[in-house]
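Residue strings, one per chain:
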Amino acid sequence: MLRVGMIGWRGMVGSVLLHRMREEGDFSGIETIFFSTSNAGGKGPKEATDGGVLHDARDVNKLGCCDVLLSCQGGEYTTEICGPLRGSGWKGYWIDAASALRMSDDTVIILDPVNADVIQNALVRGVRNFTGGNCTVSLMLMAVSGLFKAGLVEWMTTMTYQAASGAGAAKMLELVKQMEYLTEPAKAHPSENALEIDRVVIQAQRDSSLPTKEIGVPLAGSLLPWIDRDMPGGQTREEWKGMAETNKILGMEPPVPVDGICVRVGTMRCHGQALCIKLTEDVSLGHIEQIIAESNPWVRVIPNDKESTLRCLTPTAVSGTLNVPIGRLHKLQLGPEFLAAFTVGDQLLWGAAEPLRRMLRILREHLGQRL
Ligand code: HSE
């Protein structure tokens, strides 16, 4: 029986992963060992075999007993552990959600509804590191990979509206605290005058007592056009990932230019993205919609009308679901080869946990075929 080690399963992405694995019956037919960075010796969840006890996530020997390691622990853990583990001769499969290994030649970025062929080729070649992509890139590709694959994208800009969850659970909690902090003074000074309420709210946003320990600045009622650290050329690292990861996921050579500005907004767990695609030819909207709709079972083409857009193409509509709606599809006034689109997706599902649990399934099938 395949022995799978789980690390970082108690964090936010890990909890979503565990929930999805339970929902899909992924624990049946495998032996699951749960590791912990802080509570070795404690009790694991009900799926824990091996006596149900938690093992030390830094015990390379114990980790090395697993055929597959599934980590949601973050990049620092991957950097600390994966190298020494490989150095000890471990030949198992490493699956994680971090960016530490993503761009290495011996690592494949997993998003199987989009790049199942790249994953299968890698398995046959003996690749053993598989990592989930950046959430905005994965969600964008769930929506428009069909156009890339049809050779219709000359270049693309993506302007993002990224949820607090992408920055971590603590940021989500602080966002809600900020919301409370902003609405309380308005409740204390009720008024029907919007300018008066605005004055009260902006005062609260600029108040040094607004909770900002996690985010650093006000996010509620505001937005932050900077995510991650800076890169040469004026990009942020989040923006840099757009082109690097898109082309790696699709295995495209020469690469298609992808760039834009990444913005954090006050939504909880759904990212939105406004896309501008320069098409390689003037293709009809109907054909474009058909290519997109047929590219995977989760993408939803939303008619470009007000009612459908406001009902189906918002974080509120999408949160907690695997649907990836794409709408506002129309040709820009820039010319018939310029396509506009807007897409929304749950950052914790397709953007983080879902590709990982599906990779475990793919791996099991691959190994089963071989046995
Ligand atoms: N870097 C993303 C964000 C998270 O900050 O929203 C997931 O890749």
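Above: the structure in question.
About the cut-offs
- Residues numbered from 1 in each chain as written.
- Predicted model: local features only at pLDDT ≥ 70, side-chain atom pairs only at ≥ 80, totals over all residues.
- Heavy atoms only, no water.
- Axes fitted to C-alpha atoms, helices over the stretch in contact; angles between N-to-C directions.
- Helix = DSSP H or I, 4+ residues; strand = E, 2+ residues; numbered from the N terminus.
- Parallel < 35°, antiparallel > 145°, perpendicular 65-115°, else oblique.
- Left-handed = near helix turned anticlockwise from the far one by under 90°.
- Contact = heavy atoms within 4.5 Å.
- Nonpolar A, V, L, I, M, F, W, Y, C, P; charged D, E, K, R; others polar.
- Phe/Tyr/Trp six-rings, centres within 6.5 Å; stacked < 30°, edge-to-face > 60°.
- Buried < 20%, exposed > 50% of the residue type's maximum accessible area, 1.4 Å probe, protein only.

Two numbers describe how helix α5 (residues 135-149) lies on helix α9 (residues 285-293): the axes approach to 8 Å, and their chain directions differ by 120 degrees. Taken together, the axes of α5 and α9 are oblique relative to one another. As α5 packs across α9, the resulting crossing turns out to be right-handed. When α5 is examined against α9, the residues Ala-143, Val-144, Gly-146 and Leu-147 are found in contact with a partner set consisting of Ile-288, Ile-291 and Ile-292. Grouping the constituent residues of the contact of α5 with α9 by class yields six nonpolar, one polar and no charged.

Considering all chains together, one arrives at six aromatic pairs under this definition. With 5.2 Å between their ring centres and 80 degrees between their planes, Trp-9 and Phe-34 make a pair best called edge-to-face. Here the residue Trp-9 occupies a position in the loop between β1 (2-7) and α1 (12-23), and Phe-34 occupies one in strand β2 (residues 30-36), the gap between them amounting to 25 residues. In terms of burial, Trp-9 and Phe-34 fall into one category: buried.

On to unusual backbone geometry, then. Of note, the amide linkage connecting Glu-253 to Pro-254 takes the cis form, showing an omega dihedral of 0 degrees. With respect to the element layout, Pro-254 can be found in the loop between α8 (237-250) and β9 (258-259). Of note in the backbone geometry, Asp-228 takes a positive phi value of approximately 75 degrees without being a glycine. In this structure, Asp-228 sits in the loop between α7 (194-206) and α8. Of note in the backbone geometry, Arg-328 takes a positive phi value of approximately 55 degrees without being a glycine. With respect to the helices, strands and loops of the structure, Arg-328 is situated in strand β12 (residues 324-331).

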